[in-house]
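Residue-level listing of the chains:
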Amino acid sequence: MEGNEKRKDHREISYQVGWKKGKIQWNEGASDTLRAHKGELEDGETERKRLQLIWFPAMKLPPVIILPLLYALPVISFVCTLSLIYGLRQH
């Protein structure tokens, strides 16, 4: 019985990727703790703040500039790519 208790609390996983071998020690109690912590962080307020942080810089631009910039970005990217290719051909 005591062997099963120890095995549930502390598990070791072996892996091999190419020539590299190793062992990962897995603590099942840690996954429960992480799951509980993730549940606390993933409420609606946190998600809303993350979205605001991502989109915040775009909101500062006037709407008149955003549409032309949207159409100009692919052209600018293409020109930059061509100039990089041209620069590589010169060397």
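Residues numbered from 1 in each chain as written. Predicted model: local features only at pLDDT ≥ 70, side-chain atom pairs only at ≥ 80, totals over all residues. Heavy atoms only, no water.

Colleague: Could you give me a rundown of the overall build of the chain, with the residues and numbers involved?
Modeller: Across its full length, the chain carries four helices and two strands. The N-to-C order of helical and strand elements in the chain reads α-β-β-α-α-α. Considering the chain as a whole, with its 91 residues, one finds that 2% of them fall into the buried category. Per element, the accessible surface of the chain, about 9,100 Å² overall, is 64% carbon and sulfur. (Helix = DSSP H or I, 4+ residues; strand = E, 2+ residues; numbered from the N terminus. Buried < 20%, exposed > 50% of the residue type's maximum accessible area, 1.4 Å probe, protein only. Areas by Shrake-Rupley, 256 points an atom, 1.4 Å probe, with all protein chains shown as cover.)

Colleague: With reference to specific residues and values, describe helix H4 (residues 63–90).
Modeller: For H4, with 28 residues, the first-to-last C-alpha span of 41 Å sits near the 40 Å given by 1.5 Å per residue. The largest bend in H4 amounts to roughly 35 degrees and is located at Ala72, with the proline Pro74 lying one to four residues further along. (Expected span 1.5 Å × (residues − 1). Bend = angle between axes of the 7 residues up to and from the residue.)

Colleague: Requested: an account of a nonpolar patch on the surface, with residues and values cited.
Modeller: Residues Leu61, Val64, Ile65, Ile66, Leu69, Leu73 and Ile76 make up a contiguous nonpolar surface patch of about 600 Å² in total accessible area. Summarising the element assignment, Leu69 is placed in helix H4. Looking at Leu69, the relative accessible area reads 37%, which means it is partly exposed. (Patch = residues over 30% accessible without salt bridge, like charges linked within 9 Å, V, L, I, M, F, W, Y side chains within 5 Å. Salt bridge = Lys/Arg side-chain N within 4 Å of Asp/Glu carboxyl O.)

Colleague: I'd like a description of the pattern of salt bridges, backed by residues and values.
Modeller: Across all of its chains, the model carries one salt bridge by this definition. With a shortest N-O distance of 3.6 Å, Glu12 and Lys23 are connected by a salt bridge. Of this pair, Glu12 sits in strand S1 (residues 11–17) while Lys23 sits in strand S2 (residues 20–26), and the two are 11 residues apart along the sequence. What makes Glu12 partly exposed here is its relative accessible area of 44%.

Colleague: How would you summarise the confidence of the model for the chain if you had to cite specific residues and measurements?
Modeller: Scored by pLDDT, the chain comes out at a mean of 77, with 64% of its residues at no less than 70. Here helix H1 (residues 2–9) stands out as the least confident element of the chain, with mean pLDDT 54; H4 is the most confident, with 93. (pLDDT = per-residue confidence, 0-100.)

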